[in-house]
Amino acid sequence: MSSAKFEKLLEPIDLGGMRLKNRMVMPAMSIGMATDDGYVTERLLDYFEERARGGVGLIIVGYAVVEFPRGLTGPKRIAVDDDKFLPGLTSLAQRIKQNGAHVALQLNHAGGFAISSFAGSMPVAPSAVICRVGGEIPRAMTVDDIQAMKLRFVEGAQRAQKAGFEAVEIHSATGYLLNQFLSPAKNKRTDVYGGDLPNRARFLLEIIAAIREKVGASYPLWVRLNGKEFGVRGGITLEDTSELSRILEKAGCCAINLTHYGTGYPFHQLVEPAGSFVYLAEAVKKAVRIPVMAGGRITPEVAERALQKGDADLVTMGRQLLADPELPNKVASGRLDEVAPCITCLSCRGRSGDARCTVNPALGMEKKFRPAPARKVKNVLVIGGGAAGMEAAVVAARRGHRVTLFEKGNRLGGRMRMATRMPHKARIADLNDYLSRLVSRLGVKVELGKTVTPELVKRMKPDAVIIAAGGRIPALKWIAGTLSGLLLYGDYSRVEEVGRAVTDGAGRRQTFGPHSMLTAVTKADQRLVKEVQAIVSEVYIAGDCMDPYGMMEAVASGARAGLEV
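The structure presented is a predicted model; accordingly, all values stated were derived computationally and were not measured.

**Student:** Help me understand the sheet that holds strand E4 (residues 58-65) in this model?
**Tutor:** The pairing of strands in a sheet happens through backbone hydrogen bonds and is either parallel or antiparallel. Here eight strands make up a closed barrel; going around it, the order is E3-E4-E5-E8-E9-E10-E11-E12 and the pairing parallel. For this sheet, the mean angle separating the axes of adjacent strands, direction not counted, is 30°. Sheet analysis places strand E11 (residues 292-294) next to strand E12 (residues 314-316), joined by two bridges and oriented parallel. Bridge pairing links Ala294 to Val315 in E12. Sheet contacts for helix H1 (residues 42-53): strand E3 (24-26) and E4; angle to E4, the most-contacted strand, approximately 155°.

**Student:** What am I meant to see in the packing of aromatic side chains here?
**Tutor:** Aromatic ring pairs: the centre-centre distance and the angle between the two ring planes describe each pair. Going through the model one piece at a time under the given rule, you end up with eight aromatic pairs. A ring pair is formed by Tyr193 and Phe203, whose centres lie 6.5 Å apart and whose planes are at 85°; its orientation type is edge-to-face. Placement of the pair is Tyr193 in the loop between helix H5 (177-182) and helix H6 (197-200) and Phe203 in helix H7 (residues 202-215), with a sequence separation of 10 residues. The pair formed by Tyr193 and Phe203 is uniform in burial state, with each residue classed as buried. With 5.5 Å between their ring centres and 70° between their planes, Phe230 and Phe277 make a pair best called edge-to-face. In this pair, Phe230 sits in strand E9 (residues 221-230) while Phe277 sits in the loop between strand E10 (256-262) and helix H9 (278-285), placing the two residues 47 residues apart along the sequence. A residue is classified by how much of its surface remains accessible, and Phe277, at 10% relative accessible area, is buried.

**Student:** Would you mind showing me how to read the packing of helix H4 (residues 143-163) against H7 here?
**Tutor:** The relative placement of two packed helices comes down to the angle between their axes together with the axis-to-axis distance. As a packed pair, H4 and H7 sit with axes 9 Å apart at the nearest point and diverge in direction by 40°. Taken together, the axis directions place H4 and H7 in an arrangement best described as oblique. Like other packed secondary-structure pairs, H4 and H7 cross with a definite hand, here right-handed. Listed contacts from H7 to Ile146, Gln147, Met149, Lys150, Phe153, Val154, Ala157, Gln158 and Gln161 of H4 are Phe203, Glu206, Ile207, Ala210, Ile211, Lys214 and Val215.

**Student:** Looking at this structure, I do not really get helix H13 (residues 387-398). What am I missing?
**Tutor:** Along an α-helix, a turn takes 3.6 residues, which lines up residues three or four apart on a common side. End to end, H13 covers 17 Å across 12 residues, agreeing with the expected 16 Å (1.5 Å per residue, within 8%). Summarising burial for H13: 11 of the 12 residues are buried, a large majority. Residues of H13 that are buried: Ala387, Ala388, Gly389, Met390, Glu391, Ala392, Ala393, Val394, Val395, Ala396 and Ala397. Where H13 is buried, its residues contact strand E13 (379-383), strand E14 (402-407), helix H14 (415-419), helix H15 (428-441), strand E16 (464-467) and helix H18 (551-564). Just beyond H13, the residue with positive phi is Gly400, at close to 105°.

**Student:** Can you help me understand unusual backbone geometry in this one?
**Tutor:** Peptide bonds are, in most cases, trans, and in most cases residues other than glycine have a negative phi. Between Gly62 and Tyr63 the backbone carries a cis peptide bond, its omega angle lying at -20°. Following the sequence through the fold, Tyr63 ends up in strand E4. Here Phe68 and Pro69 are connected by a cis peptide whose omega angle stands at 5°. Relative to the helices and strands, Pro69 resides in the loop between E4 and helix H2 (86-98). A positive phi angle, close to 60°, is found at Lys76, a residue other than glycine. Mapped onto the fold, Lys76 is located in the loop between E4 and H2. Relative accessible area serves as the criterion here: at 30%, Lys76 is assigned to the partly exposed category. At Leu346, a residue that is not glycine, the phi angle is positive and equals roughly 65°.

**Student:** I tried to follow the pairing of E9 on my own but got confused; where do I start?
**Tutor:** On a regular strand, each side chain points to the face opposite its neighbour's, so the side chains alternate between the two faces of the sheet. Of all 10 residues that make up E9, eight are buried, and the element is covered over most of its length. Pairing of strand E8 (residues 167-172) with E9 involves five bridges; the strand directions are parallel. By the bridge assignment for E9, Val168 is matched with Leu221. As defined by bridge partners, E9 adjoins E10 across six bridges and the pair is classed as parallel. Across the sheet, Val223 pairs through a bridge with Ile256, a residue of E10. Each parallel crossover has a hand, and the one from E9 via helix H8 (residues 238-250) to E10 is right-handed.

**Student:** Looking at this structure, I do not really get the side chain of Arg224. What am I missing?
**Tutor:** By secondary structure assignment, the location of Arg224 is in strand E9. Among buried charged residues, Arg224 stands out as having no salt bridge; its nearest opposite-charge side chain is Glu169, 4.8 Å away. Dropping the residues within four chain positions of it, Arg224 is found in contact with Pro27, Ala28, Gln106, Glu169, Ile170, His171, Ser172, Ala173, Asn257 and Thr259.

**Student:** Is there a simple way to think about the side chain of Gln320 in this case?
**Tutor:** Structurally, the position occupied by Gln320 is in helix H11 (residues 319-323). Judged by its relative accessible area of 12%, Gln320 is buried. Reaching out from Gln320, the side chain makes a polar contact with the backbone oxygen of Ile298 at a distance of 2.8 Å. Leave out the neighbours within four places in its chain, and Gln320 touches Arg297, Ile298, Thr299, Leu327 and Cys342.

**Student:** What is the right way to read the state of the cysteines from this model?
**Tutor:** What makes a disulfide is a covalent bond joining the sulfur atoms belonging to two cysteines. The final tally for this structure, using the stated rule, is zero disulfides. Cysteine Cys253 remains unbridged, with the sulfur of Cys254 as its closest cysteine sulfur at 7.3 Å. The thiol sulfur of Cys348 is not disulfide-bonded, and the nearest other cysteine sulfur, from Cys342, lies at 6.4 Å.

**Student:** What is the right way to look at H9 in this model?
**Tutor:** Among all positions in H9, only Val278, Leu280, Ala281 and Val284 are buried. The buried residues of H9 occupy one face: seen down the axis, they fall within an arc of 155°. Tucked into the core, H9 has its buried residues touching E9, H8, E10, E11 and helix H10 (300-309).

**Student:** Help me understand the packing of H8 against H9, please; the structure alone is not making it clear to me.
**Tutor:** Two elements in contact, H8 and H9, have axes separated by 9 Å at closest approach and are oriented at 45°. Taken as axis vectors, H8 and H9 run oblique relative to one another. For the pair H8 and H9, the crossing hand works out as right-handed. When H8 is examined against H9, the residues Leu238, Thr241, Ser242 and Ser245 are found in contact with a partner set consisting of Tyr279, Leu280, Ala283 and Val284. For the contact of H8 with H9, the class distribution of residues is five nonpolar, three polar and no charged.

Calculation notes
- Residues numbered from 1 in each chain as written.
- Predicted model: local features only at pLDDT ≥ 70, side-chain atom pairs only at ≥ 80, totals over all residues.
- Heavy atoms only, no water.
- Pairing = 2+ DSSP bridges.
- Helix = DSSP H or I, 4+ residues; strand = E, 2+ residues; numbered from the N terminus.
- Axes fitted to C-alpha atoms, helices over the stretch in contact; angles between N-to-C directions.
- Contact = heavy atoms within 4.5 Å.
- Phe/Tyr/Trp six-rings, centres within 6.5 Å; stacked < 30°, edge-to-face > 60°.
- Buried < 20%, exposed > 50% of the residue type's maximum accessible area, 1.4 Å probe, protein only.
- Parallel < 35°, antiparallel > 145°, perpendicular 65-115°, else oblique.
- Left-handed = near helix turned anticlockwise from the far one by under 90°.
- Expected span 1.5 Å × (residues − 1).
- Right-handed = clockwise from strand over helix to strand, strands pointing away.
- Lys, Arg positive; Asp, Glu negative; His and termini not counted.
- Salt bridge = Lys/Arg side-chain N within 4 Å of Asp/Glu carboxyl O.
- Polar contact = N/O pair within 3.5 Å; in protein donor to acceptor, adjacent residues only side chain to side chain.
- Disulfide = S-S within 2.5 Å.
- Arc of directions from axis to C-beta.
- Nonpolar A, V, L, I, M, F, W, Y, C, P; charged D, E, K, R; others polar.

These results come straight from atomic positions and should not be treated as a statement about function.
Here you go:
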């Protein structure tokens, strides 16, 4: 697809005095790559450098905690509440600017969302309303607390400016402290900081005025807001946000960055189509003259339509740039079919606050996973055309090896094809299609419908073999209260929700009773591994034949094998 189709997306724009080269913005995300005590790490520098090199116009680094550790919701967040953090923050701002992107720092405090096990003390909030995140009842802030917190935001902004960040974003969304003041569902105060919208916004407006006094009138400053709080009784409405945006424009904000929040956040992204929340930006844009950023599963196609219609001025792409940092450059050069898709699996939320990506195993390990040219070009045989096998073939081919991939099925994809039949998993097909295109583009020779045997390996005489042939599922078990049956495993092509039945490749249909649970237990299968190791000295293992993996681990193991060969 030609880059001309993204004329508006690639058009420069002025934002608070910064001239952005395009309208793509990487929003602040909690990625968990700082030290436990808030310092910038080399890993964090590499992560942001990769995104800056990828061609995005603006990167918003976040969130930076203005009160460490009491403002934390999880580990490994960067801090901005002390001058000791300035050297790392300065390096971070420089690294991003040197690689072609403008950079802003997002300031935040978790408030009632803070978790005491991380924060080290009771959370604070506008009111003592229980928080659904940590399940704790925070302490209601006094007026003195509010004034002290305002100073923390001001000092954070001053440090951001001193460190070389070109702008500051005040995080007032997704349930954090300033959002708690704005939301009638969380703010039950009866003083000047509670009640109607102007009073609920008073704390935020005081912060903006105090920051503006210290950083100067020309320093870019904007706010991130919820367009609407979904499923929150008595929460923020779109009308509230539109009115607040007008107030913020008058207060000197140079932009409004819109997101959304509420019950099920962010898991709604599993089911919502791309661009479902652009209408929030459209409504706010009618209320203000300053630029408005739209977010929420924004693809390049959705972005171009929204920008052309005037529904937004810029678009934020978060998870898309985790999956593919090069997305902006690929859009600009007309290589849209080479963009790695975000499949909205939400694995990037991490298991310990550390972001990961199913599609992009290099996330957070950019230097380690960067393919280097092979010292010696080899004939590489890859066995298995699932997620692990295709990723291994792609990485090996990118390094210059001659790669042949064997898949016993008639199509590439392995169990990814079966997974797409599950509810809300259709986007896995995007990953399958993406890897299949790369395999073809990189010149990998593909042999379908052929089972690899030791005899075949002997005839081919490869220099190296990567085995990603999948695991073995010995049985499907169905459970109705207690274990009451056993279903022998076959290639189950269909699982029926109505009637609770499965059908195998031979057309045999078996049913199981009400309130049953169907489970499939994968076991590693290394029989072929041992046979091939007796023939070829250089053998690598990836995917389920190594260990029963989820798809994220399978893709990562394939990438490692492709790098090692």
